Amino acid sequence: MPDLTANCAGIVSPNPFWLASGPPTNSGDQVMRAFDLGWGGAVWKTLGDPIQNVSSRFGALNHNGVRIIGFNNNELITDRSFQTNLAEITQVKKLYPRNAVVVSLMLDTREEWRDAITRAIDAGADGLELNFGCPHGMCERGMGSAVGQEPSVNQEITSWATEISSVPVLVKLTPNVSDITPHGLASQAGGAHGVSLINTVKSVIGVDLERFTPIPAVGHTGTNGGYCGPAVRPIALHMVGTLAREPRFKLPISGIGGISTWKHALEFMLLGASTVQVCTAAMHYGFRIVEDMIDGMERYMRSHGFQTLDQLIGKAVGNFVEWGELDINFESVARIDPQRCIGCQLCYLACRDGSHDCIEPATDGSRVPTVEEGECVGCNLCSLVCPVPGCVTMHQVDNGFQPTSWNEHLMLEKPIRHKKGVH
Amino acid sequence: MDKLAPDRTETCFSDLKKPFNLNQAMVEANRCLYCHEPPCVDACPTRIDIPTFIRKITTENLHGSAATIFSANVLGMSCARVCPVELLCSGSCVLTKEGIPPIRIGLLQRFVTDLAYQRGWSFFQRARPSHRKVALIGSGPASLSCAHRLAQLGHECVIYEKRPFPGGLNTSGIAPYKMQAHDSLAEVDWITSIGGITIRHGVQVGRDPTLQELEANFDAVFIGTGQGPDRRLDKLPGHDLEGVWGAMQFIEELKLASVDLSQVRNAVVLGGGNTAVDAVHELLHLGVPGVTMIYRRGKQLMKGYAHEWEKALHLGAAALWFTVPTAFVGQGCRLSGLKCVSTDSALKPIAGSETMVPADLALLAIGQQGADPMFAELDGIRVQGGNIVVDQQGFTGRRGWYAGGDCTNGGKEVVFAAAQGRTAAQAIHRHLTGNPASNGAQHA
Ligand SMILES: Cc1cc2nc3c(=O)[nH]c(=O)nc-3n(C[C@H](O)[C@H](O)[C@H](O)COP(=O)(O)OP(=O)(O)OC[C@H]3O[C@@H](n4cnc5c(N)ncnc54)[C@H](O)[C@@H]3O)c2cc1C
Ligand SMILES: Cc1cc2nc3c(=O)[nH]c(=O)nc-3n(C[C@H](O)[C@H](O)[C@H](O)COP(=O)(O)O)c2cc1C
Ligand code: SF4
């Protein structure tokens, strides 16, 4: 039986699945119900000076009939009092000593931070998460992403926390920056024990065509919100991987953004995350999704011979390279399996209008197109649009050239293959 | 156990519901709303956690999906093929309230369970041996489900089966366009591969061994003998003519051996239940030109599923409602027709309504004979209205004796037998261990 015990910056939990700070971790009742169903940890809804929220606060991006491929919200931090939250945290820790309870905090002055940290630790927090990421409402007040976007401020406030904290401190980073690296390094310089990312991405989820307001409308107006859910996963994976492969960056990572299945979790962990956090998927489908996350992860580990998470964390980091290090002489072409083809001709159209026009429609009435391999640039587009799994597949071709990267070509003048599809 | 003949008539049938490939399964699984407290689970007698197994298809945790199915219903493979899902799980899907076609749960379940069989996945481990022995009478779905659970809990099971093949009606009765005998036998192998289950073929319990002998040699007994053979119309003249068959007897013949229908022009099927409807389908598929169902009540009152009868009509079936036979008529020793009379709504014959229905084959699908009355010879066991009387847990009233499946429920579906067999296994386990709450089984 594989061991799913997770450890992120010294915060230990029975499995790597944590609930991210947000509505699902708003109260002790919710967190305890989640722990009962198997969640390993929870990052409490961000504590601070309690706020008043607007109504409504959520919007969704639906696509082709599929609901919530992306989600957006303009909710602020907790609207409940500090004392109430702390009392519930204490109770949860008493009843669930093995599960990780991380307290998310967002405050203003150094004194406020110090006071809040002391109280959170006294209440039983296993770790702290500094919310430097919220991209709406709080940043206008000089908190949240206003901190996370400014490395020097990030470093300073992080050091306020790490100076006095007796438990591990994670800094939650905002994705609303052009390069995540200086922000991760700033948290490290401030003494953080780990980072969590990503918080939500600044967004407008849609516009109401009748009322002429951004969605969700609050009365007659709307505002920007934070984007999350499945659609942000690629952004999050990139940022997690970027920090994980950065040689100067040494901290453990808690990965967040669009995770709803064991496969997504594995993707983050293979790219360097020690634990993962989930918000939108728990809001969409409830806490019960963790059962399959645990089950699927265990079966994956068993079938791949991993006994502990350490054996798989970061396994893909070494293969995540700069463009200039890719093998430019690697060549692949598409092939269409006539047995599987259902004749939709989407590949033909995609290649003609969107790539290199190297797929020929059938002339015999079979509707099975063929790829002109001599022209195919191996871009993948046809295999991506094909609705039938395994019908269009990519095959490596031997062009006689030695593997060479662009960087090697520039520096060592190694020969590179001829361009294909250029006329 | 005998070997199945390769040239069985049933092998010329193909699946009425074509199995899903991976892509179809993914598309269908992603349609599932993943409801909370879903009605489909309530509609499944074995309470398979349907949204969870479907969710696991969408996350490509197919091994886990299969585990979810089999942990609730070890006959999940045959149930996926034979369950009337239109009336059970799929029939209760909330999407139908929106006028959207329900999730095709049976086909999704078939996709996952077939994959598990193909890949040879196993999900169960036996608990430590309890050194307790349980006899099971009959090797149909009820006994198989019961034995598997008992074996899982560490008990030793011996199944006695009077026929040369195991599986009960799953092997000998299911319409071949739903499932064929080789699939049922593969399921028996898969179930018994857990270990601790022996099947003894050609043993008719009651004769040798006697019920008393069985009781003396085992710690508990489970009765899963079904509803017995076809009812006959022995009082009607001509009932023993060549060409008059019991419907189940005929179906068994076409499934396990071969039937020659090349000389049959007109066939009639007497009855209005699902066996009758299946028989009509089978005869039409096998190319009999004229197939007529004769039923003593009206269409509204037939017990056969309406959706199945509609399909039979498309294939060209005819029906005579409110009609009963009064005699089988022959040319020599061969059947040539049935004398019939119409009935009124009180099922009384209407004078002067006699007709002659030409037929060279007549199948009697007027029910089974009922649970074997011999069990009532044991003190504490009652057989009433063709059923062995049991409580909710499958206990008969005689210490150590349990029953489930068709012999207790009047003849329902495979999934009910599977559910009752499993429930009885839990009760037997409590009886054997004296531990009312014990549930020590493990599964992956
Ligand atoms: C024609 C037909 C079609 C059907 N189609 C479907 C369908 O599509 N879907 C569905 O869900 N259900 C269907 N059913 C119902 C389903 O087959 C039964 O509900 C199910 O098989 C009941 O299982 P069981 O174990 O209780 O009994 P059975 O399957 O009847 O098994 C009883 C076994 O006990 C053996 N036995 C009896 N007496 C003794 C004895 N004294 N000693 C030793 N062995 C003995 C018998 O030989 C038999 O093998 C159909 C039934 C019929 C008749
Ligand atoms: C409604 C809502 C409220 C949130 N509130 C907080 C918060 O209080 N503190 C915080 O650090 N992150 C908050 N988040 C961000 C999430 O913790 C998480 O970083 C983000 O949603 C991405 O993960 P996901 O795709 O799994 O939702 C919130 C997200 C949502 C949707
Ligand atoms: S989910 Fe619906 S009912 Fe619940 S608070 Fe939000 S708007 Fe109200």
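The structure presented is a predicted model; accordingly, all values stated were derived computationally and were not measured.

1. Some remarks on the overall build of chain A
Stage number 1. Check the secondary structure of chain A and you find 13 helices and 20 strands.
Stage number 2. Compactness check: chain A gives a C-alpha radius of gyration of 24 Å against a globular reference of 22 Å for 423 residues, within 12% of the reference.
Stage number 3. Projected onto its principal axes, the C-alpha positions of chain A cover 75 × 55 × 45 Å.
Stage number 4. Expressed as a percentage of its 423 residues, the buried residues of chain A come to 52%.
Stage number 5. Of the accessible surface of chain A, which amounts to about 19100 Å², a share of 52% is contributed by carbon and sulfur atoms.
Stage number 6. On chain A, the mean spot of the 32 positive side-chain charges and the mean spot of the 43 negative ones are 4 Å from each other.

2. With respect to the domain arrangement of chain A
Stage number 1. By the assigned domains, chain A splits into domain 1 (6–319) and domain 2 (323–412).
Stage number 2. Just the C-alpha atoms count here: the centres of domain 1 of chain A and domain 2 of chain A sit 39 Å apart.

3. A few points about helix α6 (residues 105–119) of chain B
Stage number 1. The end-to-end C-alpha distance of α6(B), which contains 15 residues, comes to 21 Å, matching closely the 21 Å that a straight helix rising 1.5 Å per residue would cover.
Stage number 2. The buried fraction of α6(B) amounts to 13 of the 15 residues, a majority that puts the element mostly inside the structure.

4. Let's talk about the sheet that holds strand β5 (residues 58–63) of chain A
All names here are of chain A.
Stage number 1. Here we have 4 strands laid out as an open sheet, ordered β5-β6-β14-β11, and antiparallel in their pairing. The sheet terminates laterally at β5 and β11 (201–203), the two strands that pair on one side only. Pairs of neighbouring strands in the sheet enclose a mean axial angle of 45 degrees, with direction left out of account.
Stage number 2. Here 5 bridges tie β5 to strand β6 (residues 66–73), and the two strands are oriented antiparallel to one another. Looking across to β6, one finds that phenylalanine 58 is bridged to asparagine 73.

5. So, the site of ligand 2
Residue and element names in this part refer to chain A.
Stage number 1. As a structural note, the neighbourhood of ligand 2 is formed by 23 residues, with Ser21, Thr46, Lys172, Gly258 and Thr280 the closest of them.
Stage number 2. Within the contact set of ligand 2, an oxygen atom lies 2.9 Å away from a backbone nitrogen or oxygen of cysteine 279.
Stage number 3. Threonine 280 has a polar side-chain atom sitting 2.5 Å from an oxygen atom of ligand 2.
Stage number 4. Within the complex, 98% of the 610 Å² of free accessible area of ligand 2 lies under protein.
Stage number 5. Elements that contribute at least two residues to the shell around ligand 2 include exactly β4 (41–47) and β6.
Stage number 6. Among the residues forming the shell around ligand 2, the class breakdown is 9 nonpolar, 11 polar and 3 charged.

6. Comments concerning helix α12 (residues 274–285) of chain B
Within an α-helix, residues lying three or four positions from one another point in the same direction, as the helix has 3.6 residues per turn.
Residues and elements named next belong to chain B.
Stage number 1. Its 12 residues give α12 an end-to-end C-alpha distance of 16 Å, which sits within 8% of 16 Å, the value for a rise of 1.5 Å per residue.
Stage number 2. Where burial is concerned, most of α12 is hidden: 9 out of the 12 residues are buried.
Stage number 3. Contact partners of the buried residues in α12: α11 (247–256), β7 (266–270), β8 (290–294), α13 (306–315) and β13 (361–364).
Stage number 4. Downstream of α12 by a residue or two, glycine 287 has a phi angle that is positive, lying close to 90 degrees.

7. Thoughts on the interface of chain B and chain A
Stage number 1. Counting residues at the interface gives 14 residues for chain B and 15 residues for chain A.
Stage number 2. Summed over both partners, the interface of chain B with chain A comes to about 1200 Å²; 44% of that surface belongs to carbon and sulfur atoms.
Stage number 3. If you sort the residues of chain B by the area they bury against chain A, B:Tyr34, B:Arg55 and B:Thr59 come out on top, with a joint share of 42%.
Stage number 4. The tally of links between chain B and chain A comes to 3 salt bridges.
Stage number 5. Taking the shortest distance from any N to any O, the salt bridge between B:Lys56 and A:Asp295 comes out at 2.8 Å.
Stage number 6. Here chain B is connected to chain A by 12 residue pairs in polar contact (both at pLDDT 80 or more).
Stage number 7. Counting residues per element, the ones that place at least two in the side of chain B that touches chain A are α3 (50–58) and α4 (62–72) of chain B.

8. Concerning a nonpolar patch on the surface
All names here are of chain A.
Stage number 1. On the surface, a cluster of nonpolar side chains totalling about 710 Å² of accessible area is made up of Trp323, Leu326, Trp406, Leu410, Met411 and Leu412.
Stage number 2. Topologically, leucine 326 is positioned in the loop between α10 (290–304) and β17 (332–336).
Stage number 3. The exposure class assigned to leucine 326 is partly exposed, which follows from its relative accessible area of 43%.

9. What about the confidence of the model for chain B?
All names here are of chain B.
Stage number 1. This prediction gives chain B a mean pLDDT of 95; 98% of its residues lie at or above 70.
Stage number 2. Here residues 437–444 is modelled with pLDDT under 50, and outside its nearest four sequence neighbours on either side it reaches 20 contacts, counting other chains as well.
Stage number 3. The ipTM for the predicted assembly is 0.79, set against a pTM of 0.87.

10. Looking at the packing of aromatic side chains
Stage number 1. Applying the stated criterion to the full structure yields 17 aromatic pairs over all chains.
Stage number 2. Taking the centre distance of 5.6 Å and the plane angle of 40 degrees together, the rings of B:Phe70 and B:Phe123 count as tilted. Of this pair, B:Phe70 sits in helix α4 while B:Phe123 sits in the loop between α6 and β1 (124–125); the two residues are 53 residues apart in sequence, bridging distant segments of the chain.
Stage number 3. For B:Phe123, a relative accessible area of 4% corresponds to the buried category.
Stage number 4. Sitting above the plane of the A:Phe320 ring, A:Arg245 keeps its charged end 4.0 Å from the centroid.
Stage number 5. The cationic tip of B:Lys412 hangs over the ring face of B:Phe416; the distance from NZ or CZ to the ring centre is 4.5 Å.

11. Description of the sheet that holds strand β6 (residues 244–246) of chain B
Residues and elements named next belong to chain B.
Stage number 1. Overall, parallel pairing links the 5 strands, which are arranged β6-β13-β7-β8-β9 in an open sheet. The open sheet has two free edges, formed respectively by β6 and β9 (318–320), since each of these has just one partner strand. This sheet shows a mean twist of 25 degrees between the axes of neighbouring strands, independent of strand direction.
Stage number 2. In this sheet, β8 lies alongside β7 in parallel orientation, the contact comprising 5 bridges. By the bridge assignment for β8, leucine 270 is matched with isoleucine 294.
Stage number 3. The strands touched by α11 are β6 and β13; relative to β6, the strand with the most contacts, the crossing angle is about 85 degrees.

12. Things to note about the pattern of salt bridges
Close approach of charged atoms lets side chains of opposite charge pair.
Stage number 1. Evaluated as defined, the whole model comprises 36 salt bridges over all chains.
Stage number 2. Salt-bridge contacts for A:Arg211 lead to A:Asp208; the nearest nitrogen and oxygen are separated by 4.0 Å.
Stage number 3. Residue classification places A:Arg211 among the partly exposed residues on the basis of a relative accessible area of 48%.
Stage number 4. The salt bridge partner of B:Glu156 is B:Arg126, with a shortest N-O separation of 3.7 Å. With B:Glu156 in strand β3 (residues 156–161) and B:Arg126 in the loop between β1 and β2 (133–137), this pair connects stretches of sequence that are 30 residues apart.
Stage number 5. Looking at B:Arg126, the relative accessible area reads 28%, which means it is partly exposed.
Stage number 6. A network of salt bridges, in which partner residues are shared, links B:Asp15, B:Arg81, B:Arg110, B:Asp114 and B:Asp183.

13. Regarding the site of ligand 1
Residues and elements named next belong to chain B.
Stage number 1. The full set close to ligand 1 counts 33 residues, and Val82, Glu161, Arg163, Leu169 and Asp406 are the nearest of them.
Stage number 2. The separation between a nitrogen atom of ligand 1 and a polar main-chain atom of lysine 162 is 3.2 Å.
Stage number 3. Here a nitrogen atom of ligand 1 sits 3.1 Å away from a polar atom, N or O, in the main chain of valine 205.
Stage number 4. About the coverage of ligand 1: the protein hides 94% of its 1000 Å² of free accessible area.
Stage number 5. Among the elements of the structure, α7 (141–152), β3, α11, α12 and α15 (414–433) are those that each provide at least two residues to the shell around ligand 1.
Stage number 6. Across the shell around ligand 1, the residue classes tally to 14 nonpolar, 11 polar and 8 charged.

Quick notes on the rules
Residues numbered from 1 in each chain as written. Chains lettered and ligands numbered in written order. Predicted model: local features only at pLDDT ≥ 70, side-chain atom pairs only at ≥ 80, totals over all residues. Heavy atoms only, no water. Helix = DSSP H or I, 4+ residues; strand = E, 2+ residues; numbered from the N terminus. Rg over C-alpha atoms; globule rule 2.2 N^0.38 Å. Buried < 20%, exposed > 50% of the residue type's maximum accessible area, 1.4 Å probe, protein only. Areas by Shrake-Rupley, 256 points an atom, 1.4 Å probe, with all protein chains shown as cover. Lys, Arg positive; Asp, Glu negative; His and termini not counted. Charge placed at Lys NZ, Arg CZ, Asp CG, Glu CD. Domains from an automatic or database assignment. Expected span 1.5 Å × (residues − 1). Pairing = 2+ DSSP bridges. Axes fitted to C-alpha atoms, helices over the stretch in contact; angles between N-to-C directions. Near = heavy atom within 4 Å. Polar contact = N/O pair within 3.5 Å; in protein donor to acceptor, adjacent residues only side chain to side chain. Nonpolar A, V, L, I, M, F, W, Y, C, P; charged D, E, K, R; others polar. Contact = heavy atoms within 4.5 Å. Buried area = accessible area lost by both parts, 1.4 Å probe. Salt bridge = Lys/Arg side-chain N within 4 Å of Asp/Glu carboxyl O. Patch = residues over 30% accessible without salt bridge, like charges linked within 9 Å, V, L, I, M, F, W, Y side chains within 5 Å. pLDDT = per-residue confidence, 0-100. Phe/Tyr/Trp six-rings, centres within 6.5 Å; stacked < 30°, edge-to-face > 60°. Lys NZ or Arg CZ within 6 Å of the ring centre and 35° of its normal.

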